[in-house]
Amino acid sequence: MTTDGRMQVLSVEAATARGGVFVVRCVGGVVRLGDVCLAEGLPEGSGTGLTVHRIERYRDVDVPCFDPPHAARVHLSGEGAALLARGVVLVRREDHSTRGGAHAS
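Figured I'd write up the structure that's included with this text. Note that this is a predicted model, so its numbers are computed, not measured.

1. What about the overall build of the protein chain?
Each helix and strand in the protein chain was counted, giving 0 helices and 9 strands. In the protein chain, the succession of helices and strands from N to C terminus is β-β-β-β-β-β-β-β-β. The buried share of the protein chain, taken over its 105 residues, is 37%. If you take every contact in the protein chain between residues at least 6 apart in sequence, the share linking residues at least 24 apart comes to 64%.

2. Observations regarding the environment of Ser11
Locating Ser11 in the fold gives a position in strand β1 (residues 6–16). Taking relative accessible area as the criterion, Ser11 reaches 29% and is therefore assigned partly exposed. Residues Ser11 and Arg25, spaced 14 residues apart in sequence, show a C-alpha to C-alpha distance of 9.9 Å. Apart from residues lying up to four places away in sequence, Ser11 is in contact with Phe22 and Val23.

3. Comments concerning the pattern of salt bridges
All chains considered together, the criterion is met by 7 salt bridges. Across the salt bridge formed by Arg6 and Glu40, the nearest N and O atoms sit 3.2 Å from each other. Taken as a pair, Arg6 in strand β1 and Glu40 in the loop between β4 (36–39) and β5 (50–58) lie far apart in primary sequence, 34 residues in all. The partly exposed category is assigned to Glu40, whose relative accessible area is 40%. Taking the shortest distance from any N to any O, the salt bridge between Asp35 and Arg92 comes out at 3.9 Å. On the criterion of sequence distance, the pair formed by Asp35 in the loop between β3 (31–32) and β4 and Arg92 in strand β9 (residues 89–92) is long-range, its members being 57 residues apart.

4. A look at the nonpolar core
Met7, Phe22, Phe66, Val74, Leu76, Leu84 and Leu90 are the most contacted members of the largest nonpolar core, which totals 20 residues. Mapped by element, the contributors of at least two residues to this core are β1, β2 (19–28), β4, β5 and β8 (71–77). Discounting residues that sit within four places of it in the chain, Val74 has contacts with Met7, Gly20, Val21, Phe22, Val24, Arg54, Ile55 and Phe66.

5. A short note on the pairing of β2
Counting buried positions along β2 gives 7 out of 10 residues, so the element sits mostly inside the fold. Counted between consecutive antiparallel strands, the loop separating β1 from β2 contains 2 residues. Of the strand pairs in this sheet, β2 and β8 are connected by 7 bridges, and their pairing is antiparallel. Looking at β8, one finds that Val23 is bridged to Arg73.

Parameters and conventions
- Residues numbered from 1 in each chain as written.
- Predicted model: local features only at pLDDT ≥ 70, side-chain atom pairs only at ≥ 80, totals over all residues.
- Heavy atoms only, no water.
- Helix = DSSP H or I, 4+ residues; strand = E, 2+ residues; numbered from the N terminus.
- Buried < 20%, exposed > 50% of the residue type's maximum accessible area, 1.4 Å probe, protein only.
- Contact = heavy atoms within 4.5 Å.
- Salt bridge = Lys/Arg side-chain N within 4 Å of Asp/Glu carboxyl O.
- Core = buried A, V, L, I, M, F, W, Y, C linked by side-chain atoms within 4.5 Å.
- Pairing = 2+ DSSP bridges.

Structure below.
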């Protein structure tokens, strides 16, 4: 069983080629600040390296992480953010996380 953070895009609030703001639902594991994610189902090389820079669970209340079945508003940076759409699943890249410390399995 994987413990990698997985989140599904529910809506796109703002997106450019370099980042954006999305409403997402955690569908597995724990999503944390600093996680670097891959977008599943997009063409090879697109939607890679999207970094979680901010997680809002409530209006203007930032949290360091969230887990299923919760939803949050997340700020992502990285190339390919403009390709994200409702239904796309983002999966944490274990080998590229920018947060400190070891990840428990």
